[in-house]
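What follows is each chain in one-letter form.
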Amino acid sequence: RLEFAVGAFLLLALGSLLVLAIASTNGKFGFARGGTYELTARFSNLGQLRPNAPVKIGGVTIGRVEKIDLDPVKFDSIATLAIEKRYAEIPADTSAAILTGGLLGESYVGLSPGGDVESLQPGEEIAFTSPAVDLIQMVGKYMFSGGGNAAPSADEPPAAASPDASPRDEGVLP
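Residues numbered from 1 in each chain as written. Predicted model: local features only at pLDDT ≥ 70, side-chain atom pairs only at ≥ 80, totals over all residues. Heavy atoms only, no water.

Chemist: Can you walk me through the overall build of the protein chain in this structure?
Modeler: If you tally the helices and strands in the protein chain, you get two helices and eight strands. Counting every position in the protein chain, which comprises 174 residues, the buried fraction comes to 23%. Counting only contacts in the protein chain whose residues sit at least 6 apart along the sequence, the fraction spanning at least 24 positions is 62%. Total accessible area computed for the protein chain in this model is approximately 12900 Å², and 61% of it derives from carbon and sulfur atoms. (Helix = DSSP H or I, 4+ residues; strand = E, 2+ residues; numbered from the N terminus. Buried < 20%, exposed > 50% of the residue type's maximum accessible area, 1.4 Å probe, protein only. Contact = heavy atoms within 4.5 Å. Areas by Shrake-Rupley, 256 points an atom, 1.4 Å probe, with all protein chains shown as cover.)

Put into structure tokens, the structure is as follows:
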């Protein structure tokens with residue numbers, strides 16, 4: 001009786017590990033259902049994008065980032081995207097952007113389909129791309145630039161009113 005309980009517990013533990021493994025790989029163990037085709041996208045800044053990051057259209061995952069390379073001539077980052085073959089009709093004027101899920105979430109490639117009747121063919125490059133937005137750099141730039149509309153300092157005299165400006169009401173009743 002004790003051996004049966006230990007065996008059942010062991011099977012339950014192994015089953016739990018299998019479920020965890022399938023959940024952590026999104027059901028893919030190095031092979032994709034139905035196959036994939038590759039598209040490339042050139043970005044000036046990848047931010048925190050990593051291989052195996054999702055590729056999404058309208059929040060639906062249609063593929064993943066296969067690999068990331070550096071162009072030795074232009075020094076741009078080239079992301080190779082593995083798109084599931086069932087999504088083979090992506091318009092040729094589709095744009096790609098590196099987006100972040102939430103404030104500190106994972107980075108992913110978001111595709112915005114255009115209206116072209118032609119489709120992107122396997123191996124082609126997505127022409128319209130937007131780089132990742134570096135949130136820390138943007139906040140720092142805003143903080144140290146004063147927000148773009150700085151108030152006059154205490155040492156600066158107030159600007160003189162123009163002669164054709166209307167008189168201001170100083171709170172005096174007529």
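There is more to say, and it comes next.
Chemist: Looking at this structure, I do not really get the sheet that holds strand S2 (residues 54-57). What am I missing?
Modeler: Neighbouring strands of a sheet are bound in pairs by backbone hydrogen bonds; such pairs are parallel or else antiparallel. Taken in spatial order, the eight strands line up as S7-S1-S4-S3-S2-S6-S5-S8 in an open sheet, and their pairing is mixed. Of all the strands in the sheet, just strand S7 (125-126) and strand S8 (128-130) have a single pairing partner and so form its edges. Inspection of the sheet shows strand S5 (residues 95-100) paired to strand S6 (residues 107-112) by six bridges, in the antiparallel sense. Along S6, the bridge assignment pairs Ser 95 with Ser 112. (Pairing = 2+ DSSP bridges.)

Chemist: Can you help me understand a nonpolar patch on the surface in this one?
Modeler: Taken together, the side chains of Leu 103, Leu 104, Val 133, Leu 135, Met 138, Val 139, Tyr 142, Met 143 and Phe 144 make up a nonpolar region of the molecular surface, amounting to roughly 1100 Å² of accessible area. Residue Leu 135 is classed as partly exposed on the basis of its relative accessible area of 36%. (Patch = residues over 30% accessible without salt bridge, like charges linked within 9 Å, V, L, I, M, F, W, Y side chains within 5 Å. Salt bridge = Lys/Arg side-chain N within 4 Å of Asp/Glu carboxyl O.)

Chemist: What exactly am I supposed to notice about the nonpolar core here?
Modeler: Val 55, Leu 81, Ile 83, Ile 90, Val 109, Leu 111 and Ile 126 are the most contacted members of the largest nonpolar core, which has 21 residues in total. Counting only elements with at least two residues in this core, the list comes to strand S1 (36-43), strand S3 (60-70), strand S4 (77-84), S5 and S6. When near neighbours in sequence (up to four residues on either side) are disregarded, Ile 126 contacts Leu 39, Thr 40, Ala 41, Leu 81, Thr 94, Ser 95, Ala 96, Leu 111 and Leu 120. (Core = buried A, V, L, I, M, F, W, Y, C linked by side-chain atoms within 4.5 Å.)

Chemist: Explanation requested: the side chain of Thr 80 in the structure shown.
Modeler: As for its position among the elements, Thr 80 is in strand S4. For Thr 80, a relative accessible area of 5% translates into the label buried. Ignoring sequence-local partners within four residues, the contact set of Thr 80 consists of Glu 38, Leu 39, Thr 40, Arg 64, Val 65, Glu 66 and Lys 67.

Chemist: Help me understand the pattern of salt bridges, please; the structure alone is not making it clear to me.
Modeler: Close approach of charged atoms allows side chains of opposite charge to pair. Applying the stated rule across the entire model yields six salt bridges. Between Glu 125 and Arg 42 there is a salt bridge whose closest N-O contact spans 3.5 Å. You can see Glu 125 sitting in strand S7 and its partner Arg 42 sitting in strand S1, a full 83 residues away along the chain. The exposure class assigned to Glu 125 is partly exposed, which follows from its relative accessible area of 40%.

Chemist: Just to check I follow, could you spell out unusual backbone geometry for this structure?
Modeler: Trans peptide bonds make up most of the peptide bonds, and negative phi angles are found at most residues other than glycine. The residue Asn 52 is not glycine, and still its phi comes out positive at about 75°. Tracing the sequence through the fold places Asn 52 in the loop between S1 and S2. Under the relative-accessibility criterion, Asn 52 is labelled exposed at 54%. Although it is not a glycine, Phe 75 sits at a positive phi angle of roughly 60°. Among the structural elements, Phe 75 can be located in the loop between S3 and S4. Overall, the relative accessible area of 59% leaves Phe 75 in the exposed class.

Chemist: Would you explain the packing of aromatic side chains in this entry?
Modeler: The description of two aromatic rings rests on the distance between their centres and on the angle between their planes. Counted under the stated rule, the structure contains zero aromatic pairs. Here the basic side chain of Lys 56 rests over the ring of Tyr 108, its NZ or CZ set 4.7 Å away from the ring centre. (Phe/Tyr/Trp six-rings, centres within 6.5 Å; stacked < 30°, edge-to-face > 60°. Lys NZ or Arg CZ within 6 Å of the ring centre and 35° of its normal.)

Chemist: Where do I start with the side chain of Thr 40 in this structure?
Modeler: For Thr 40, the location among the structural elements is in strand S1. Thr 40 sits in the buried class, given a relative accessible area of 18%. If we ignore the near neighbours within four places in the chain, the residues touching Thr 40 are Ile 78, Ala 79, Thr 80, Gly 123, Glu 124, Glu 125 and Ile 126.

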